[in-house]
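Inside the fold
Here are the chains, one letter per residue:
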Amino acid sequence: MKTTIRIMKKTVVLFFILGLAVQFLSAQKKSEVIDGDTRMDLFEKHLSMKESSEYKDLNWQLIGPTNISGRCTDVEVVAPRGDYYTIYVAAASGGVWKTENEGTSWTAIFDQEASTTIGDIALDPQNPEVLWVGTGEANIFRSSMAGSGIYRTSDGGKTWKHLGLANTLTISRILIHPENSNIVYVAASGHEWTNNKERGVYKTVDGGASWEKVLYIDEMTGAIDLVMDPTQPDVLYAATWQRKREKWNDPRIEQGFKNSGIWKTSDAGKNWKSINKGLPEAKFRGRIGIDISRSNPNVLYAFVDNYEIAYNNYEADETDSYGRPKGGVIKGASVYRSNDQGDSWTLVSGLTEDMKKYMERHSSTYGWVFGQIRVDPNDENTIYTMGLGLHVSTDGGKTFKQLRGMHGDHHGLWIDPENSNYLVNTNDGGIYISYDKGENWRSFTDRLPLVQFFNIGYDMDKPFRVYGSVQDHGSFSGIVDLSRGRDAIPEVDFIRAPGGEGSTHAIDPTNPDIVYSAGFYGTISRTNLSKSWEEGYKNLLPKTYKNEAPLRGQWVAPFIISPHNNEIIYHGMQYVFRSENRGDTWEKISQDLSYNNKDKMGDIPYQTIFSLTESPLKDGLIYAGTDDGRAYVTKHGYKYTLWTEITEGLIKGKWISRMVASKYDLETVYLTQNGKRDDDFAAYVWKSTDLGKTWQDISANIPLGPVNVIREDPVDKNILYVGTDIGVYVSKDQGKSWEVLGNLPSTYVHDLRIHPRDNVIVIATHGRGIRAMDANLVNGGKRQRRWY
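Numbering of residues starts from 1 in every chain and runs along the sequence as written. Owing to the predicted nature of the model, reporting of local features is limited to residues with pLDDT of at least 70; listing and counting of side-chain atom pairs is limited to 80 or more, with chain, interface and lining totals taken over all residues. Side-chain figures throughout are based on the complete set of non-hydrogen atoms in the structure, without hydrogens or water.

Describing the overall build of the protein chain
For the protein chain, the helix and strand inventory stands at 5 helices and 56 strands. Values of the radius of gyration come from C-alpha atoms, whereas the globule rule sets the reference at 2.2 Å times the count of residues to the power 0.38. Taking 788 residues into account, the globule formula puts the C-alpha radius of gyration at 28 Å, and the protein chain, at 27 Å, falls close to it. In terms of its C-alpha atoms, the protein chain occupies a principal-axis envelope of roughly 95 × 60 × 55 Å. Split into buried and exposed, the 788 residues of the protein chain put 62% on the buried side. Carbon and sulfur atoms make up 48% of the accessible area of the protein chain, which amounts to about 30100 Å² in all. Put simply, the protein chain has 90 plus and 100 minus side-chain charges, and the middle of one group is 6 Å from the middle of the other. Comment: elements are numbered from the N terminus, with helices defined as DSSP H or I runs of at least four residues and strands as E runs of at least two. Only protein chains enter the accessibility calculation, which uses a 1.4 Å probe; a residue is then buried when its area is under 20% of its type maximum, exposed when over 50%, and partly exposed in between. For accessible areas, the Shrake-Rupley method is used with a probe of radius 1.4 Å. Any residue's cover is judged against the shown protein chains and nothing else. Charged residues are defined narrowly, with Lys and Arg counted positive, Asp and Glu counted negative, and His plus the chain ends left uncounted. All charge positions are set by atom: Lys at NZ, Arg at CZ, Asp at CG, Glu at CD.

Written out as structure tokens, the structure is:
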């Protein structure tokens, strides 16, 4: 009998050990998704799940904002016009929209695909119903997303066909042969974060059935612009851009770079020659935009982000608009002209002292975001350049003036070849039309819901408000009005809120007038909305000693109000800070939780805390996750102590996008990792039931990431929600299986919360505004009493 019991005990122990081993190995076996074709196959699984989901008919109601729009990257207009202009606009992360009545109404025609970030669109000159869409915004910036190749519609946007190039991830230009619609050229600028071979200039002669790479330099150099001679379609000019983006640096000129420049082919891409005579030396050439004069094709213009130093006159402690140390001023935006089809180039801009200063300010410190230039099709001496503003020169680039009346940060321009007074412009605020060559503009902010939110917070007012920060707009808040019914929430204008365009918001649960917000890279403030700005605003950033390392904070740095005491707040930089008096004074309560690798420090704060969560069940039980892939826990968050690392079992180095301490079980915590900055589209979702000592992969059947957020349901402990770069998933069995939640278009869900009193799910999308859903339809509608 004893022998039998002993054997049974050994067997139980063996199975227990095997179970732990399987769990550990499963965590390690999670594979990256970095191949474009694999990603497209997984997207098909997502579509299948969406179609079969029991929640497929649930509506994500748009709340707003209705008074602002979002970044647009390109525009195409049918010419010649009919009774009205038919316009197609490409959104940076909101798909493609169409109007057939010059903007009176707009329809989303491309918002169900694997990616809805658009780099370029092109109308077939032979057929205005044929539109090509290149996905993947080529303007490399903090909120740019990865594309999924090239698409075409033959019926004005009713149906679409994917035509390959799925692993390019960014497409900067599409050109269609004016006489043969089967011949198409595509400029691919390459992966945003990693080197790859699928970049350069591609050509198809069979309408996209197959592609040939006709211009290729190397794995770091892509094609950023492409133009065609209107009288000789076999003559093309391409601009190549050698770039490298690190998690701690924007793309810039690096030591040894030599491949940014201009190329020409006279035989439809069979052979290319370098045509850079007169341009800055290769080591100073950044992004280049090019255009050709339709009225005189001998004339071309090049818009060069010129890294030659103009002067050094900054004080040692002087910072730029984001609080980063300033360096030497580069020449920046420089316009060159060729009168001989590119054989030679001459600098035409910045030749006077006034114009020199003007061009230095043209694109601020981030010229790689812009780089677009257009030549008036009827006048070789009228050119437009796009930077912080839209600029025009009528003397071939000698002098410029800025056109006013629009939002800033410009990316696209269409000029009517039959009427040069008619301009259609795209920028970070949407799309604008001018009938008088830019003197006056008409906008469509109330009709194009393309707002790019980074985050979402809520208050406990009645009705409650949501708060969020918006790319290039600042922070806003809007009412969620349930008075007409939970299925009839109205779209509303939002109002300005405390914080900048990269801010986390937390609102005092006992007083909706007290709003905490973070600005750029971790600055933090408290605002009392019931008082004047002078009386109600206070900067709360913790102070450091002179001999301490500078504080590092993420673009959207995390801070939370303790669920146990609304006067206690926590703030994450590279350390965790705690305040017991609403931020008036601070105590550092952790060591540097990042790897603190000096080789990975640049002009963008990195190796910072990105997620913070405190257990609603125990004061001081706090988790933190960093952007360089480390996770920590402390049981003593009320004082300084060395935190315990709990990274083992996770994917090494992947950005920790969210940690959530369970409100149902003291030792349970959820965690998501995001591979975007490795050009990795896998779904990483984890659960631990032992304070992070071990991790279980609960991504289950979620086919595709990246994953941005996970939340527990406030009513049902078995329900979890996940927001990804393609939509929202829900699990009713704690992550064993998932379903697509609702009829959301393909969009980037950056944040998700469930209002605990009103039981409403609200999501912040990066490209389709803030949306809401009645959580009663998911969790049965029980009410949660506590405010956390």
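Additional details are given in the paragraphs that follow.
Some points on the nonpolar core
To form a nonpolar core, buried Ala, Val, Leu, Ile, Met, Phe, Trp, Tyr and Cys residues must be joined to one another through side-chain atoms within 4.5 Å. By size, the foremost hydrophobic cluster in this structure holds 55 residues, and its most contacted members are Val133, Tyr623 and Met659. The next biggest cluster of nonpolar side chains, apart from the first, holds 25 residues, and it includes Phe141, Trp241, Val304 and Trp368.

Considerations on the pattern of salt bridges
We define a salt bridge as a contact between a side-chain nitrogen of Lys or Arg and a carboxyl oxygen of Asp or Glu at a distance within 4 Å. All chains considered together, the criterion is met by 32 salt bridges. Between Glu32 and Lys654 there is a salt bridge whose closest N-O contact spans 2.7 Å. With Glu32 in the loop between α1 (2–29) and α2 (36–52) and Lys654 in the loop between β45 (644–645) and β46 (655–661), the pair connects residues that are 622 residues apart, well separated along the chain. By relative accessible area, Glu32 is classed as partly exposed at 43%. Between Arg552 and Asp592 there is a salt bridge; the shortest N-O distance is 3.1 Å. With Arg552 in the loop between β37 (537–539) and β38 (559–561) and Asp592 in the loop between β41 (587–588) and β42 (609–614), this residue pair connects regions lying 40 residues apart in the sequence.

Some remarks on the packing of aromatic side chains
Stacked, tilted and edge-to-face pairs are distinguished by plane angle, under 30 degrees for stacked and over 60 for edge-to-face with tilted covering the rest, among Phe, Tyr and Trp rings (Trp via its six-membered ring) whose centres lie within 6.5 Å. Enumeration according to the criterion identifies 21 aromatic pairs in this entry. Considering the side-chain rings of Phe110 and Trp160, the 5.0 Å spacing of their centres and the 85° angle between planes classify their relative orientation as edge-to-face. Here the residue Phe110 occupies a position in strand β5 (residues 107–110), and Trp160 occupies one in the loop between β8 (150–153) and β9 (161–162), the gap between them amounting to 50 residues. Measuring from centroid to centroid gives 6.3 Å for Tyr516 and Phe559, while their planes differ by 70°, and the two rings are edge-to-face. One end of the pair, Tyr516, is in strand β35 (residues 514–518); the other, Phe559, is in strand β38, and 43 residues separate them in sequence. Considered together, Tyr516 and Phe559 belong to a single accessibility category, that of buried residues. One aromatic cluster is present, built from ring pairs that chain together Tyr85, Trp414, Tyr422 and Tyr435.

Let's talk about the pairing of strand β47 (residues 669–674)
Within β47, 6 of the 6 residues are buried, which leaves it mostly tucked inside the rest of the structure. When DSSP finds two or more bridges between two strands, those strands count as paired. Of the strand pairs in this sheet, β46 and β47 are connected by 6 bridges, and their pairing is antiparallel. Directly across from Met659, in β47, lies its bridge partner Leu671. Examined bridge by bridge, β47 and strand β48 (residues 684–688) share 5 bridges and lie antiparallel to one another. Within β48, the residue paired with Tyr670 across the bridge is Lys687.

Quick notes on α2
Look at α2: 25 Å from first C-alpha to last across 17 residues, which is about the 24 Å you get at 1.5 Å a residue. By the burial criterion, the buried members of α2 are Gly36, Arg39, Met40, Leu42, Phe43, His46, Met49 and Lys50. For α2, the arc enclosing every buried residue in end-on projection is 165°, short of the 170-degree limit, so these residues lie on one face. Looking at α2, the residues exposed on the side facing more than 90 degrees away from the buried face are Asp37, Asp41, Lys45, Glu51 and Ser52. The definition of a polar contact used here is a pair of N or O atoms within 3.5 Å, where within protein one atom must be able to donate a hydrogen and the other to accept one, and adjacent residues in sequence count solely through side-chain atom pairs. Its side-chain oxygen at 3.2 Å from the backbone nitrogen of Asp37, Asp35 defines the N-terminal cap of α2. A helix is expected to reach a length of 1.5 Å times the quantity of its residues less one. Throughout, the arc means the angular range of directions from the helix axis out to the C-beta atoms.

Focus on the sheet that holds strand β51 (residues 720–724)
The 4 strands lie next to each other as β50-β51-β52-β53, forming an open sheet whose pairing is antiparallel. Taken across any chain shown, the strands that pair with only one partner, and hence form the sheet edges, are β50 (707–712) and β53 (739–740).

Brief notes about a negative patch on the surface
Together, Asp35, Asp37, Asp41 and Glu44 make up a region of like negative charge exposed at the surface. With respect to the helices, strands and loops of the structure, Asp41 is situated in helix α2. Overall, Asp41 belongs to the exposed group, its relative accessible area being 53%. Patch criteria: residues need more than 30% relative accessible area and no salt bridge. Like-charged residues are merged within 9 Å; nonpolar side chains of Val, Leu, Ile, Met, Phe, Trp and Tyr are merged within 5 Å.

Quick word on the sheet that holds strand β2 (residues 72–77)
Reading across the sheet, the 4 strands line up as β2-β3-β4-β5 and stay open at both edges, with antiparallel pairing between neighbours. In this open sheet, the two edge strands, each paired with only one partner strand, are β2 and β5. Ignoring which end each strand starts from, the neighbouring axes of this sheet average 30° apart. Where strand β3 (residues 87–91) and strand β4 (residues 96–99) come together, 4 bridges link them in antiparallel fashion. Residue pairing across strands places Ala90 opposite Val96, the latter belonging to β4. To obtain each axis, a line is fitted to C-alpha atoms, and for helices this fit is confined to the stretch in contact; angles are then taken between N-to-C directions over 0 to 180 degrees.

Section: the environment of Val299
The residue Val299 is located in the loop between β18 (285–292) and β19 (300–311) in this model. Judged by relative accessible area, Val299 falls into the buried class, the value being 1%. In this structure the C-alpha to C-alpha distance between Val299 and Lys357, which are 58 residues apart in sequence, comes to 26 Å.

Notes on unusual backbone geometry
At the junction of Ala79 and Pro80, the peptide bond is cis and its omega measures out at 0° in the coordinates. Residue position: Pro80 is located in the loop between β2 and β3. For the bond from Lys462 to Pro463, the omega torsion is -10°, close enough to zero to count as cis. When you line up the elements, Pro463 lands in the loop between β30 (457–458) and β31 (465–470). Unusually for a residue other than glycine, Leu169 sits at a positive phi of about 70°. Take Leu169: its relative accessible area is 2%, and that puts it in the buried class. Positive phi, normally seen in glycine, also occurs at Lys437, with a value near 60°. Structurally, the position occupied by Lys437 is in the loop between β28 (430–434) and β29 (442–443).

Describing helix α3 (residues 353–362)
What α3 keeps buried is the set Met355, Tyr358, Met359, Glu360 and His362. By the convention used here, residues are in contact when the closest approach between their heavy atoms is within 4.5 Å. On its buried face, α3 is in contact with β19, β20 (329–338), β23 (383–386), β24 (390–393) and β25 (401–403).

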